[in-house]
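# Examining the three-dimensional arrangement
So the chains spell out like this:
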Amino acid sequence: MDGRKVVITGLGMVNAAGLDRESSWQALVEGKNGIHALDFMDTTDFKVTFGGQAWGFDPAVAMDAKEARKADRYCQLAMSAAQQAVEQSGLGEPDDPFRYGVIIGSGIGGMHTFEEQHSRLIKRGPRGVSPMFIPMMISDMAAGLVSIRYGFKGANFCTVSACASGGHAIGVAYDQIVLGHADVMVCGGAEAAICPMALAGFANMKALSTRNDDPEHASRPFDKDRDGFVLGEGAGILVLESEEHARARGAEILGELAGYGMTGDAYHMTQPDQEARGAIGSMRQAIRSAGINNEQVGYINAHGTSTYFNDKGESLGIRTVFGNHADELKISSTKSMIGHLLGAAGGVEAVITALALKNGILPPTINLETPDPECDLDYCAHTAVEKGVEYALSNSFGFGGHNVTLCLRAR
């Protein structure tokens, strides 16, 4: 796409591997597993009893007690990741607040609040429902709270496209800058759906792994013995800027968002297109948007959910797009260590991809013990790979047939 170059000046994340950018990255590079038995709810009657919690997360790192009481957990996670990203970027008072925007995706929004308030409705009647229920529950409130915190008055909204939500947020934020509508965009995804309703719902549709006796080996993308994804939570936020704006204020440039692609499968409510046509189109669009050729891509942070159809289809899509070059690509699914963060996945994985390019280290796919013959690429099994890469893709695919591919460049 013609227009201004979009650079990355801030990164923040919270997930099961760590509560900030540095600890998360270090754990992921070391192949540490953040998936364990859940410790905050009674799972006695549940088919699935484990997940990728943001273990030990304290909203006080980014919000005072009064603010935190009025924010659902997904907003608390978003505020923490946004604070990390904005602090790293060095952004001060905006020169023109209407040219600074916030777009944060969430597939489900305030599920914890919804459950709590529904319980109050049943037990205490309509008068028992909190007047804060609606603002705490709606999916756009993470973006709203971040904009309020920093006084950013440009484009401000939420993308809701299931597991592609965070990727869509980043792609649309990119457009805001390229088209000249903004100079700075805070963007990404946040989700906190590890709660009884979501756990039961995903389990009953047979989407989740049921390895309750061995949760640390439950998320096994591209492995022949995979049996479903693991529910995770967290947030991943990037600060994007026009290169001109970033250089004018002397910001450190961490990387570049070179382009993106978005497609729809138009196929099935939950299953991806069996011929991977949507994924293929999304990756091809991203490469074309970046103005590069296939051989310049060296790494893909895969959607890699650890479900049969997704892993098989994504592998087919990569091989179709890249042909012989597919065998030269390094690919990994960091969901193997932190689970599937739904609407936050695209945000967290974009942060991870940016760090992989910046540091020249590609995180591993753990638990890949028995390779699936239908998934026949190099998935960086078990250990991280030290390798300098200039361009990388980050894939996010969601229920409903939503596909997003981001193309990042090392700088």
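Structure first, text after, so check above.
Thresholds applied
Along each chain, residues carry numbers from 1 onward, in the same order as the chain's sequence is written. Given that the model is predicted, a residue must reach a pLDDT of at least 70 before its local features are reported, and side-chain atom pairs must reach 80 or more before they are shown or counted; all residues, however, enter totals for whole chains, interfaces and linings. Here the side-chain values reflect all heavy atoms present in the structure, with hydrogen atoms and water set aside. We count a stretch as a helix when DSSP gives it H or I for four or more residues in a row; a strand needs E for two or more, and each element gets its number in order from the N terminus. Taken over C-alpha atoms, the radius of gyration is set against a globule rule of 2.2 Å times the number of residues to the power 0.38. For every residue, the accessible area obtained with a 1.4 Å probe (protein chains only) is divided by the maximum for its type, and the residue is called buried under 20%, exposed over 50%, and partly exposed between those limits. All accessible-area figures derive from a Shrake-Rupley calculation using a 1.4 Å probe, and residue coverage is judged against the displayed protein chains alone. The charged-residue count follows a simple rule in which Lys and Arg add positive charge and Asp and Glu add negative charge, with His and chain termini not counted at all. Think of each charge as sitting on NZ of Lys, CZ of Arg, CG of Asp or CD of Glu. DSSP calls a pair of strands paired once it identifies at least 2 bridges connecting them. Any two residues whose heavy atoms approach within 4.5 Å are treated as being in contact. Each axis is a line fitted through C-alpha atoms, and for a helix only the stretch in contact is used; angles between axes span 0 to 180 degrees, taken between their N-to-C directions. The term disulfide is used for any two cysteine sulfur atoms that are within 2.5 Å. A 3.5 Å cut-off defines polar contacts: any pair of N or O atoms within that distance qualifies, except that in protein one atom must be a possible hydrogen donor and the other a possible acceptor, and neighbouring residues in sequence count only when both atoms are side-chain atoms. To define a nonpolar core, start from buried Ala, Val, Leu, Ile, Met, Phe, Trp, Tyr and Cys residues and group those joined through side-chain atoms within 4.5 Å. Only rings of Phe, Tyr and Trp enter the pairing, Trp through its six-membered ring, and a pair is recorded when the two centres are within 6.5 Å. The plane angle decides the type: under 30 degrees is stacked, over 60 is edge-to-face, the rest tilted. Geometric relationships in this document are graded by angle, where less than 35 degrees denotes roughly parallel, more than 145 denotes roughly antiparallel, 65 to 115 denotes roughly perpendicular, and other angles denote oblique. A crossing counts as left-handed when the near helix is turned anticlockwise from the far one by less than a right angle, and as right-handed when that turn is clockwise. Gly is placed with the polar residues, together with every amino acid not listed as nonpolar (Ala, Val, Leu, Ile, Met, Phe, Trp, Tyr, Cys and Pro) or charged (Asp, Glu, Lys and Arg).

## Some thoughts on the overall build of the protein chain
Tallying secondary structure elements over the protein chain gives 13 helices and 14 strands in all. Against the compact-globule benchmark of 22 Å for 411 residues, the protein chain has a radius of gyration of 20 Å, which places it among compact chains. Based on the C-alpha atoms only, the size of the protein chain along its principal axes is roughly 65 × 55 × 40 Å. Evaluated residue by residue, the protein chain yields a buried proportion of 62% over its 411 residues. In the structure as shown, the protein chain presents an accessible area of about 15,400 Å², 51% of it carried by carbon and sulfur atoms. In the protein chain, 34 side chains carry a positive charge and 49 a negative one; their mean positions are 4 Å apart.

## A word on the sheet that holds strand 7 (residues 234–242)
If you trace the 10 strands from one edge of the open sheet to the other, you get 5-4-6-7-1-8-14-13-9-10, paired in mixed fashion. The two strands at the open ends of the sheet, each matched to only one other strand, are strand 5 (156–157) and strand 10 (330–332). Helix 3 (residues 73–89) rests against strand 1 (6–14), strand 6 (184–191) and strand 7 of the sheet, and its axis sits at about 135° to strand 1.

## As for the state of the cysteines
Here the structure, examined in full by the defined rule, presents zero disulfides. Distance from the sulfur of Cys-187, which forms no disulfide, to the nearest cysteine sulfur (Cys-158) is 13 Å. Among the residues examined, Cys-187 registers a relative accessible area of 0% and is labelled buried.

## Topic: the side chain of Thr-263
In this structure, Thr-263 sits in strand 8 (residues 255–264). The class of Thr-263 is buried, set by a relative accessible area of 19%. Engagement of the side chain of Thr-263 in a polar contact is seen with the backbone oxygen of Gly-278, the distance being 2.6 Å. Discounting chain neighbours no more than four positions away, the residues touching Thr-263 are Gly-278, Ala-279, Gly-281, Ser-282, Gln-285, Gly-401, His-402 and Asn-403.

## Focus on the nonpolar core
Counting 50 residues, the largest nonpolar core has Leu-238 and Leu-240 as the members making the most contacts within it. Considering every element that reaches this core, the biggest residue donor is helix 13 (residues 345–359), with nine residues. Among all residues touching Leu-240, those that are not within four sequence positions of it are Val-6, Val-7, Ile-8, Ile-170, Ala-173, Tyr-174, Ile-177, Asp-183, Val-184, Met-185, Cys-187 and Leu-257. Core analysis: the next-biggest nonpolar cluster, separate from the first, contains 32 residues, Phe-57, Val-86, Tyr-100 and Ala-190 among them.

## Overview of the pairing of strand 7
The element strand 7 is extensively covered by neighbouring structure, given that nine of its nine residues are classed as buried. Note: strand 1 against strand 7, eight bridges, orientation antiparallel. When the sheet's bridge partners are listed, Ile-8 is paired in strand 7 with Leu-240. Relative to strand 7, strand 6 runs antiparallel, the two being bridged by eight bridges. Across the sheet, residue Gly-188 finds its bridge partner in strand 7, namely Ile-237.

## Thoughts on the side chain of Ser-89
Looking at the element boundaries, Ser-89 is found in helix 3. A distance of 3.2 Å separates the side chain of Ser-89 from the backbone nitrogen of Leu-91, its partner in a polar contact. In this structure, Ser-89 is in contact with Thr-9, Gly-10, Val-239, Arg-249 and Ala-251, ignoring residues within four places of it in sequence.

## Some remarks on helix 6 (residues 141–150)
Within the span of helix 6, buried status applies to Met-141, Ala-142, Ala-143, Gly-144, Val-146 and Ser-147. Each element contacted by the buried residues of helix 6 is listed here: helix 3, strand 4 (100–105), helix 5 (133–137), strand 5 and strand 6. Following helix 6 by one or two positions, Gly-151 adopts a phi angle in the positive range, close to 70°.

## Topic: the packing of aromatic side chains
Applying the stated criterion across every chain yields a total of seven aromatic pairs. Relative to Phe-152, the ring of Tyr-100 lies with its centre 5.1 Å away and its plane at 45°, an arrangement referred to as tilted. Here Tyr-100 is found in strand 4, whereas its partner Phe-152 is found in the loop between helix 6 and strand 5, with 52 residues between them in sequence. Grouping residues by exposure puts Tyr-100 and Phe-152 together as buried. Each ring, one from Phe-202 and one from Phe-229, has its centre 5.4 Å from the other, and the planes form 75°; the classification is edge-to-face. In this pair, Phe-202 is assigned in helix 8 (residues 196–204) and Phe-229 in the loop between helix 8 and strand 7, connecting sequence segments 27 residues apart. Accessibility classification places Phe-202 together with Phe-229 in one group, the buried group.

## Side note on the packing of helix 3 against helix 6
Between helix 3 and helix 6, the least distance of the axes is 9 Å, while the angle of their chain directions is 40°. In terms of axis orientation, helix 3 runs oblique to helix 6. The chirality of how helix 3 crosses helix 6 is right-handed. Facing helix 3, whose interface residues are Tyr-74, Cys-75, Ala-78, Met-79, Ala-82, Gln-83 and Val-86, helix 6 presents Met-141, Ala-142, Leu-145, Val-146, Arg-149 and Tyr-150. Its residues assigned to classes, the contact of helix 3 with helix 6 comprises 11 nonpolar, one polar and one charged.

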